[in-house]
Amino acid sequence: MKNVLVTGGAGFIGSNFVRYLLKAEALARVINLDVLTYAGSLENLNELPDVSRHTFVQGDIGDRALVEELFRRYEIDTVVHFAAESHVDRSILGPQLFVQTNVMGTFTLLDVARQVWLNEKSIPLEEVLFHHISTDEVFGSLASCDPAFSESTPYAPNSPYAASKAASDHLVRAYGHTYHLPVTITNCSNNYGPYQFPEKLIPLMILNGIDGKPLPVYGDGLQIRDWLFVEDHCEAIHRVLRKGQTGETYNIGGNNQPTNLEIINTICEILDEKLPSSPQVPHKKLINHVTDRPGHDRRYAMDIHKIQNELGWQPSQDLESGLRLTVDWYLAHPEWVEAIRKQQGYQTWLAQNYQKRGAAG
Ligand code: NAD
Ligand code: DAU
């Protein structure tokens, strides 16, 4: 792991991972390829531990000429592929970009890796790895009595986002199987923590709560997710890069099963405690049920025995401690929040997604 191409490294998980990797791997150089969509920002890359080993390149993973040039110029031996359109609600309103980025973008990266690593044999095969970051959403939705998703659960993606991620997983697997490209895949549950764009549940609820705006709960709010603190995810990916078996997939999750309403109530209680003189106390009064997400998956749960047993990884934060760290981070970074609030596109998104929802029927 000398020259690591991180795609999407200016986004939420990618930027946390770049920070993590520069600390964990003292000799690794990171080439960070990110096109900087609404979700990516150079502000996410403040406070890197060693900027001299980090090179940022603004560009598209679908730009084959650029990707080939980066592979050759920086002698890339490891790819950690985060870049994606990542928000389910946006995929429902505009699926095409999800196919373009998540499917075609992943295809381009894989095909360049095949060209440079396998055809040109630029680096010994045992020294290269293409690691793909995926999601639990590819497995579909669980009923309350179903066992958790394991690595052998059949794919059944329900949203355009999940379908595009499933397609990209299949391409990665196929390149491993057909061409013997060294690949690994991780499927992770919902992440939360510093630098998450406030379109996703947890940062949206924290910021709306601070501002005294309604907390929009889709439908009955009894949907269940498995939540993982982002630094725990970074550590798990690092384990897979170091010790994972080529060709294998690993599930990653936080071993918890709260409903959305439980998460929102906990955030409200933490805000009450941290901001006791706020006029919004008790923050729970802001909870507002709105029209549900179309095709909303009811429940996700991850069986993480494989990564625990084979690679010795397990989450270090529980949900309560991780949520406290997250609320603290958003309270301590008003300038980061302000920069997003000023984005024209962010306000347009909020209007597009929430104005027509009204109260849940
Ligand atoms: P994010 O939306 O915060 O960041 C995505 C990043 O990718 C942004 O910086 C964006 O600019 C970049 N990007 C988008 N299109 C690009 C392109 N064509 N070329 C180059 N860069 C591009 O996403 P995230 O939440 O950090 O998720 C990262 C990855 O992890 C995604 O693949 C996502 O599917 C996966 N994942 C996310 C979660 C989660 O809870 N957030 C959970 C499991 C898996
Ligand atoms: O499970 C992993 C996935 O988690 C990742 O692959 C995705 O990239 C990531 O966005 C996330 O998807 P979700 O749809 O689960 O996350 P989101 O934060 O959008 O929503 C979490 C739950 O909260 C979900 O049941 C929908 C609900 N929700 C969300 C928003 C934004 C609300 O009730 N209100 C909201 O305003």
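Per chain, the residues get numbers from 1 upward, laid out in the order the sequence is written. Chains carry letters from A onward and ligands carry numbers from 1 onward, assigned in written order. For this predicted model, a pLDDT threshold of at least 70 governs which residues receive local features, and a threshold of 80 or more governs which side-chain atom pairs are given and counted, while totals over whole chains, interfaces and linings are taken from all residues. Here the side-chain values reflect all heavy atoms present in the structure, with hydrogen atoms and water set aside.

Novice: Requested: an account of the nonpolar core, with residues and values cited.
Specialist: Joining through side-chain atoms within 4.5 Å is the link that ties buried Ala, Val, Leu, Ile, Met, Phe, Trp, Tyr and Cys residues into a set, and such a set is a nonpolar core. Remark: exposure states derive from per-residue accessible area (1.4 Å probe, protein chains only) relative to the maximum for the residue type, with buried under 20%, exposed over 50%, and partly exposed in between. Membership of the largest hydrophobic core comes to 35 residues, with the highest contact counts inside it found for Tyr 192, Ile 202, Ile 267, Leu 323, Tyr 330 and Trp 336. Strands are runs of DSSP state E lasting at least 2 residues, helices are runs of H or I lasting at least 4, and numbering of each runs from the N terminus. Among the elements of the structure, α6 (201–211), β8 (215–218), β9 (227–229), α8 (260–274), α10 (319–332), α11 (334–341) and α12 (344–354) are those that each provide at least two residues to this core. Broken down by element, the residue count for this core peaks at seven residues, all from α8. Once you skip the residues sitting within four places of it in the chain, Tyr 330 turns out to touch Gly 193, Tyr 195, Gln 196, Pro 203, Ile 206, Leu 207, Trp 336 and Val 337. Among the nonpolar cores identified, the runner-up in size contains 28 residues, and Leu 5, Ala 83, Leu 109 and Leu 110 belong to it. The criterion used for residue contact is that any of the two residues' heavy atoms lie within 4.5 Å.

Novice: I'd love a proper account of the packing of aromatic side chains, names of residues and values included.
Specialist: Aromatic pairs are defined between Phe, Tyr and Trp rings, using the six-membered ring for Trp, whenever the two ring centres lie within 6.5 Å; interplanar angles under 30 degrees are classed as stacked, those over 60 as edge-to-face, and all others as tilted. Counting across every chain of the model gives 17 aromatic pairs. On the numbers, 6.3 Å between centres and 45° between planes, the contact of Phe 149 with Tyr 300 is tilted. Of this pair, Phe 149 sits in the loop between β5 (129–135) and α5 (160–179) while Tyr 300 sits in the loop between β11 (287–290) and α9 (305–311), and the two are 151 residues apart along the sequence. Look at Phe 149 and you get buried, because its relative accessible area is 1%.

Novice: Account for the site of ligand 1, naming residues and giving values.
Specialist: Close contacts around ligand 1 come from 28 residues, with Ile 13, Asp 34, Ser 86, Tyr 161 and Lys 165 the closest. At a separation of 3.1 Å, an oxygen atom of ligand 1 approaches a polar backbone atom of Phe 12. Protein chains shield 96% of the accessible area of ligand 1, which is 840 Å² for the free molecule. The element contributing the most residues to the shell around ligand 1 is β5, with three residues. Side-chain classes are defined by residue name, with Ala, Val, Leu, Ile, Met, Phe, Trp, Tyr, Cys and Pro counting as nonpolar, Asp, Glu, Lys and Arg as charged, and the others, Gly among them, as polar. Of the residues that constitute the shell around ligand 1, the class distribution is 13 nonpolar, twelve polar and three charged. Consider each residue's heavy atoms; a residue with any of them within 4 Å of a molecule or strand counts as near. Pairs of N or O atoms within 3.5 Å make up the polar contacts considered here, provided that, within protein, one atom can donate a hydrogen while the other can accept it, and that residues adjacent in sequence are counted only when both atoms are side-chain atoms. Residue-level accessible areas treat just the shown protein chains as cover; the underlying method is Shrake-Rupley with a 1.4 Å probe.

Novice: Give me the sheet that holds strand β3 (residues 54–58): which residues, what numbers.
Specialist: We treat two strands as partners when DSSP finds at least two bridges between them. Within the open sheet, the seven strands sit side by side as β3-β2-β1-β4-β5-β6-β10. Their pairing is parallel. In the strand order of this sheet, the two ends are held by β3 and β10 (249–252), each with one partner. Geometrically, the sheet is characterised by an average inter-axis angle of 20° between neighbouring strands, direction not taken into account. Of the strand pairs in this sheet, β5 and strand β6 (residues 183–188) are connected by six bridges, and their pairing is parallel. Bridging from a neighbouring strand, Ser 134 pairs with Asn 187 of β6. The strands touched by helix α4 (residues 96–119) within the sheet are β1 (3–7), β4 (78–81) and β5, with β5 carrying the most contacts at an inclination of about 165°. Axis definition: a line fit to C-alpha positions, over the contact stretch in the case of helices; interaxial angles, taken between N-to-C directions, run 0 to 180 degrees. Lying on the sheet, helix α7 (residues 230–243) is in contact with β4, β5, β6 and β10; it crosses β5 at an angle near 145°.

Remember that the coordinates give geometry; whether it matters functionally is a separate question.
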